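Examination of the molecular architecture
The residues making up each chain are set out below.
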Amino acid sequence: MADAALSFAIERLGDLLISEAKFLYGVEGQVDEAQSKLRRMRSFLKDADALIVRRGMDADNRVRLWVAEISEFALALEDVVETFVLKVESRRKQGVKNIFKRFACIWIEGFELYKIGSEIDRIFTKFSTMTLDFRAMGITKLPDSKGESSSSNYQLQRQLRRAYSHVAEKDIIGLDEDIEKLAAELTKQANPHRVISICGMGGLGKTTLARKVYHHPQVKRHFDRFAWVSISQQCEKRVVWEEILIKLTPSPTKKKREEIKLMGDDEVAKELYKVQKDNKCLILLDDIWTGNDWKLLEAAFQVQEETESRIILTTRHREVASSAYKNRLLHKPRLLNKNESWELFEKKSSFRKQGTNLKYNEEMKKLGEEMLKHCDGLPLAIIVLCGLLSTKCTIEEWDKLRENVKEYINKGKLVHVEQEYHSVSSILSLSYDVLPYHLKPCFLHLTHSPEDQEIKVDQLCYTWIAEGFISSDQQTQSSMDEDVAYNYLTELLDRNMIQVGRLGPTGRIKSCHIHDLMRDMSLFKARDENFLQFFDLRRRDVVLSRNKVRRLAIYTDRAFDDLLPFINGRDGSLRSLIYFQSWGHKPSEKVLKLFLNHFKFLRVLRLEAFGLYDYCSWELPKKIGKLVHLRLFSIRGSGVQKIPSSIGNLRCLETLDLRSFRGWEGNVEIPNVIWRLEQLRRLYLPIEGKYNLVSKDHVRLPKNLYLQTLCNVSTDSVNVNDFLQLTNLKKLVLVVGEDLGRIYHNYTGVKFTCVRSLSLLAKKYMFGAEEDIIPVISCYPEIYELKVRMRIIRLPEEHQFSHKLERLSLTRTLLEDDPMRTIEKLPNLRALHFGDYSFVGNEMVCSKGGFPLLESLSFDGLVLAEWRIEDGALTSLCYLRIRDCHRLRKLPDGLRNVATLMEVKIEGSCFPELKKRLEKGGEDFYKVQHVPSLVIT
């Protein structure tokens with residue numbers, strides 16, 4: 001069902017009504033009514049979902065056609081409204097003094113309003129026809145809801161997933177440690193954890209783990225009463241309470257069962273509560289989907305009282321796992337590693353049963369290992385793959401399945417209890433079905449990224465904002481779009497639909513990734529709903545679709561000219577293009593102009609990694625200025641050498657990313673028109689300040705309240721007056737040239753209280769002239785992050801740093817005195833990085849009581865010869881990384897007293913003896929033997 005696309009269109013119309021009401025005088029009532037009709041149509045479509053289950057594929061195809069038509073009409077209306085608003089506002093800003101021209105403008109506006117009214121009337125007519133069609137098919141209107149899906153198809157799938165306590169699993173791999181840990185936790189004498197929540201993505205083995213713990217001999221001896229209820233079948237609290245109470249009653253008679261059924265809800269809850277208090281009960285609630293499910297049930301459970309009864313929950317949603325108050329334990333099963341995957345495969349498949357021929361077995365093993373890669377450690381996928389291979393007995397049959405193994409795995413059926421069947425994709429899609437509508441487009445959009453590629457969180461959030469996925473009703477007065485987008489991301493993480501990639505030192509998520517099979521499901525949904533199409537043209541057998549598409553992601557190693565067949569014959573409705581090249585092909589000017597002229601409604605345009613070498617440098621055509629709907633434009637990592645002045649026409653632009661790739665020797669020629677971009681929030685200039693202005697003036701910046709991120713602006717070229725008015729900046733990266741004092745030394749009274757991240761970088765990685773940074777950082781009293789990559793006169797005293805500073809990075813500062821004496825006194829510092837040439841002395845000392853909150857410490861390319869840690873220093877340190885410190889012969893003895901250490905990494909060209917001393921049996925091994933992870937490369 002295209003609920004995501006339709007809901008998105010509804011919200012966009014609502015946003016336009018609010019933000020552009022002044023331009024829609026005369027038709028705002030019609031636009032409002034159109035939005036209301038779309039909401040009612042969405043209700044019809046939810047009921048149509050149930051019709052598909054009852055009547056099969058014919059109804060399904062017909063409803064899909066309706067959905068496609070409705071979505072297209074809604075998006076067409078959005079196009080008309082936005083285009084009209086842009087035309088009118090542009091005309092009014094230009095101002096017309098001539099009375100005849102002014103009259104002509106008013107007449108034109110009236111004509112444009114008439115066109116909007118006509119479009120709305122056309123939608124109304126279509127709605128009336130479709131409503132009659134719906135009723136003829138037996139579909140009735142349901143109440144509209146912004147909540148979670150309640151379709152019959154979803155309920156049916158949940159029923160098919162019902163698990164049973166008595167069904168024993170064989171061939172359990174990779175769970176032994178988890179089973180023993182949870183069994184021990186349940187049977188502790190003094191145990192604060194009343195509830196154990198097992199949380200993870202679909203197919204991970206949560207129910208299998210719960211069942212093994214439930215039947216563990218140690219657990220069976222400890223508890224005297226047991227109850228297992230599968231919530232996936234139903235979540236009516238009365239029914240669940242009755243079932244649990246009956247199971248906790250020893251040998252319940254027919255009379256006792258009838259007594260329970262005659263009790264009122266309060267009586268059942270109280271009786272169940274009492275049984276748990278008076279006995280040692282273990283209750284397993286399997287497959288709880290929403291926080292509301294748990295809230296409905298929790299009144300009958302002993303989660304806050306002193307009792308020996310315990311509860312196990314299994315869920316995909318972290319919100320459920322975290323909602324059982326403080327006395328709960330959250331456990332997340334992991335994916336299987338390569339060896340465990342193969343072990344499970346061997347036990348479940350027919351491998352080794354085909355014969356004793358060693359060569360035959362080796363060939364089958366290679367095929368099996370290749371197919372296993374597509375399971376990516378997901379137990380469910382491995383079991384399904386083994387089921388598919390169970391009837392394949394020859395190498396030829398295995399090889400044939402290997403050719404399309406991912407498709408087979410997704411569609412492959414898993415035999416379940418009571419002779420029920422379901423596929424991997426249907427199990428994973430349940431997580432999508434229950435998503436609130438505002439998260440569905442965000443999840444579908446994740447398919448723009450290729451397999452196995454980390455997704456940068458900031459870039460992802462900015463794209464969601466530009467696409468219009470951030471709903472206005474999700475914001476508060478104190479929240480910004482970026483905060484809401486990040487919250488959407490964490491919601492998807494909490495629902496175990498994506499996984500965390502890299503974390504910043506302060507715990508903020510820097511990157512994420514999506515399991516291959518979850519991505520395949522998302523890709524299928526995105527294509528099915530005509531939401532987004534992804535093409536990896538590095539595979540030579542891919543043919544671009546001719547279907548109408550709003551969002552397109554292309555990854556290729558081919559020339560840009562290969563897009564020509566795609567452009568021809570299109571209707572220009574594309575809203576988003578993400579186009580990445582894995583090689584440095586230069587785009588054809590002819591094709592680029594045709595492309596920019598054809599797709600006028602683009603909101604997102606990312607043309608990245610074009611021209612990786614000097615001979616591939618290229619100019620951006622002037623026609624870029626016609627894409628007046630653009631919200632995000634990025635040519636990051638491309639060899640663009642000239643930006644046209646027409647870019648100043650993009651008045652809706654919120655994110656402009658002009659960063660060239662590192663190592664690019666040329667400068668980018670930029671017109672001094674950026675100040676005209678009134679809505680600009682994020683500006684990324686070429687890295688290391690490698691840009692030239694067409695005019696000789698200083699760079700003028702937008703004088704608005706929106707600009708929050710300004711990166712790579714050179715102190716030599718920035719307009720001081722414009723710069724000092726950017727009071728809402730949150731992130732600032734300054735490239736320090738020869739005139740740092742021009743900005744700061746004469747303006748010591750200016751305070752940028754909103755800036756949270758500040759970077760001071762010398763040009764071209766050179767050391768630069770020796771600078772005094774104290775007047776600079778005094779202008780930023782609220783920063784949490786400070787990066788300095790330049791030669792400085794001296795390190796500021798501790799009271800001159802921001803009292804909120806959490807992250808500090810120093811590179812090429814050429815400090816001669818031990819910086820630890822000052823830095824260790826910073827009260828909130830959590831992450832500290834010393835880069836190459838940051839310190840050129842021989843010895844560092846961490847004093848007693850120093851670095852009370854520091855969690856991450858790294859040395860990279862230092863000439864440091866000795867490092868000492870006194871007792872009582874670094875009491876919170878978790879991660880230590882030492883790279884290319886070739887003079888450091890040994891780690892400090894005091895490291896053995898840092899009990900919080902979780903990981904030590906020794907990398908690069910360190911002193912050879914250092915590695916030998918730290919290895920097991922080495923003379924310094926005692927210093928790190930308590931550390932769970934020791935990595936020496």
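Everything numeric here is computed off the predicted structure, so don't read it as measured data.

**Focus: the overall build of the protein chain**
A tally of helices and strands in the protein chain yields 30 helices and 33 strands. Here the protein chain holds 937 residues, and 56% of them are scored as buried. Long-range pairs, those at least 24 residues apart, make up 67% of the contacts in the protein chain between residues at least 6 apart in sequence.

**As for helix α25 (residues 589–598)**
Among the residues of α25, those classed as buried are V591, L592, F595 and L596. Angularly, the buried residues of α25 cover 130 degrees about the axis, an arc narrow enough to put them on a single face. Residues of α25 that are exposed and point over 90 degrees away from its buried face: E589 and K590.

**Comments concerning the sheet that holds strand β1 (residues 195–199)**
The strand order across the open sheet formed by five strands is β2-β3-β4-β1-β5, and the pairing between neighbours is parallel. Of all strands in the sheet, those bounded by a partner on one side alone are β2 (225–230) and β5 (328–331). Within the sheet, the average angular offset between the axes of one strand and its neighbour, ignoring direction, is 15 degrees. Docked against the sheet, helix α7 (residues 206–214) engages β1, β2, β3 (281–288), β4 (310–315) and β5, running at close to 160 degrees with respect to β4.

**Digging into the packing of helix α14 (residues 338–348) against helix α16 (residues 379–389)**
In the contact formed by α14 and α16, the axes pass within 9 Å of each other and the chain directions differ by 35 degrees. The element α14 and its partner α16 pack so that their crossing is right-handed. On α16, the residues that touch S341, L344, F345 and K348 of α14 are P379, I382, I383, L385, C386 and L389. Looking at the contact of α14 with α16 residue by residue, the classes come out as eight nonpolar, one polar and one charged.

**Brief notes about the pairing of strand β12 (residues 551–556)**
Most of β12 sits inside the fold, with six of its six residues counted as buried. Here β12 shows no split at all, with R551, A553 and Y555 on one side and L552, I554 and T556 on the other all buried. With four bridges joining them, strand β11 (residues 533–536) and β12 adopt parallel strand pairing. Each residue of the ladder has a partner; that of F535, found in β12, is I554. Inspection of the sheet shows β12 paired to strand β13 (residues 576–581) by six bridges, in the parallel sense. Within β13, the position partnered with A553 by the bridge is I578.

**Digging into helix α9 (residues 237–248)**
The first and last C-alpha atoms of α9 sit 16 Å apart over twelve residues, in line with the 16 Å expected at 1.5 Å per residue. For α9, a buried count of nine out of twelve residues is recorded, marking the element as mostly surrounded by other parts of the structure. Restricting attention to buried positions, one finds in α9 the residues R238, V240, W241, E242, E243, I244, L245, I246 and L248. Looking at the buried positions of α9, the neighbouring elements they touch are β2, α10 (254–262), α11 (265–278), β3 and α12 (291–297).

**Structural notes on the confidence of the model for the protein chain**
Residue-level pLDDT values for the protein chain average 77, and 70% of them are 70 or greater. Within the model, the stretch residues 52–59 combines pLDDT values under 50 with 13 contacts to residues more than four positions away or in other chains. Residue range residues 96–104 is modelled with pLDDT below 50. Its contacts to residues more than four positions away, or to other chains, number four contacts.

**Concerning the environment of T447**
By the secondary structure assignment, T447 is in the loop between α20 (440–445) and β8 (455–456). Of the residues examined, T447 reaches a relative accessible area of 1% and is grouped as buried. With 79 residues separating them in the primary sequence, T447 and A526 have C-alpha atoms 7.8 Å apart. Filtering out sequence-adjacent residues up to four positions away, T447 remains in contact with R519, S522, L523, A526, L532 and F534. A polar side-chain atom of T447 sits 2.8 Å from the main-chain carbonyl oxygen of L444.

**Topic: unusual backbone geometry**
Notably, D287 is not glycine yet its phi reads approximately 75 degrees, a positive angle. In this structure, D287 sits in strand β3. Even without a glycine there, the phi angle at R812 is positive, about 60 degrees. The topology assignment puts R812 in the loop between β26 (807–811) and α29 (820–823).

**Quick word on the packing of aromatic side chains**
The geometry of an aromatic ring pair is captured by two quantities: the separation of the ring centres and the angle between the planes. Summed over all chains, the structure comprises eleven aromatic pairs. Pairing Y214 with F226 gives two aromatic rings, centres 5.8 Å apart and planes at 75 degrees, and the pair type is edge-to-face. Of this pair, Y214 sits in helix α7 while F226 is found in strand β2, placing the two residues twelve residues apart along the sequence. In terms of burial, Y214 and F226 fall into one category: buried. Seen from their ring centres, Y432 and F443 are 6.0 Å apart, and the 40 degrees between their planes marks the pair as tilted. Placement of Y432 in helix α19 (residues 424–433) and of F443 in helix α20 is noted, with a sequence separation of eleven residues between them. This pair shows no difference in class: Y432 is buried, exactly as F443 is. One aromatic cluster in this structure is built from Y214, F223, F226 and W228.

**Comments concerning the nonpolar core**
The biggest cluster of nonpolar side chains holds 112 residues, and the ones touching the most others in it are L605, F723, Y780, F859 and W867. Setting aside its immediate chain neighbours within four residues, L605 contacts L577, F595, L596, I624, L627, L630, L632, F633 and S634. C442, A466, M521 and F580 belong to the second largest nonpolar core, which has 76 residues in total.

**What to know about the packing of helix α21 (residues 457–467) against helix α22 (residues 481–494)**
Where α21 contacts α22, the two axes come as close as 9 Å, and the packing angle between them is 115 degrees. Classed by the angle they form, the pair α21 and α22 counts as roughly perpendicular. For the pair α21 and α22, the sense of crossing is right-handed. From α21, V457, L460, C461, Y462, W464 and I465 reach across to α22, where they touch D481, E482, A485, Y486, Y488, L489 and L492. Across the contact of α21 with α22, the residue classes tally to eleven nonpolar, no polar and two charged.

**Side note on the sheet that holds β8**
Strand order in the open sheet made by the three strands is β8-β10-β9, with antiparallel pairing throughout. If you trace the sheet from one side to the other, it starts and ends with β8 and β9 (499–500), each paired once. Summarising the sheet, β9 and strand β10 (residues 511–513) pair through two bridges and their orientation is antiparallel. Bridge assignment links V500 to a residue of β10, and that residue is C512.

**Looking at the pattern of salt bridges**
Across all of its chains, the model carries 33 salt bridges by this definition. For K280, the salt bridge goes to E308, with nearest N and O atoms at 3.6 Å. Residue K280 is found in the loop between α11 and β3, and its partner E308 is found in the loop between α12 and β4; the two are separated by 28 residues along the sequence. Using a relative accessible area of 23% as the deciding quantity, one classes K280 as partly exposed. Of the residues examined, E308 reaches a relative accessible area of 42% and is grouped as partly exposed. Between R794 and D772 there is a salt bridge whose closest N-O contact spans 3.7 Å. Linking R794 in the loop between β25 (785–789) and β26 with D772 in the loop between β24 (757–762) and α28 (774–777), this pair joins segments that are 22 residues apart in sequence. Look at R794 and you get partly exposed, because its relative accessible area is 43%. D772 gets classed as buried once you look at its relative accessible area, which sits at 18%. Connected via shared salt-bridge partners are D860, R881, R883, D884 and E907.

So, how was this worked out
- Residues numbered from 1 in each chain as written.
- Predicted model: local features only at pLDDT ≥ 70, side-chain atom pairs only at ≥ 80, totals over all residues.
- Heavy atoms only, no water.
- Helix = DSSP H or I, 4+ residues; strand = E, 2+ residues; numbered from the N terminus.
- Buried < 20%, exposed > 50% of the residue type's maximum accessible area, 1.4 Å probe, protein only.
- Contact = heavy atoms within 4.5 Å.
- Arc of directions from axis to C-beta.
- Pairing = 2+ DSSP bridges.
- Axes fitted to C-alpha atoms, helices over the stretch in contact; angles between N-to-C directions.
- Left-handed = near helix turned anticlockwise from the far one by under 90°.
- Nonpolar A, V, L, I, M, F, W, Y, C, P; charged D, E, K, R; others polar.
- Expected span 1.5 Å × (residues − 1).
- pLDDT = per-residue confidence, 0-100.
- Polar contact = N/O pair within 3.5 Å; in protein donor to acceptor, adjacent residues only side chain to side chain.
- Phe/Tyr/Trp six-rings, centres within 6.5 Å; stacked < 30°, edge-to-face > 60°.
- Core = buried A, V, L, I, M, F, W, Y, C linked by side-chain atoms within 4.5 Å.
- Parallel < 35°, antiparallel > 145°, perpendicular 65-115°, else oblique.
- Salt bridge = Lys/Arg side-chain N within 4 Å of Asp/Glu carboxyl O.

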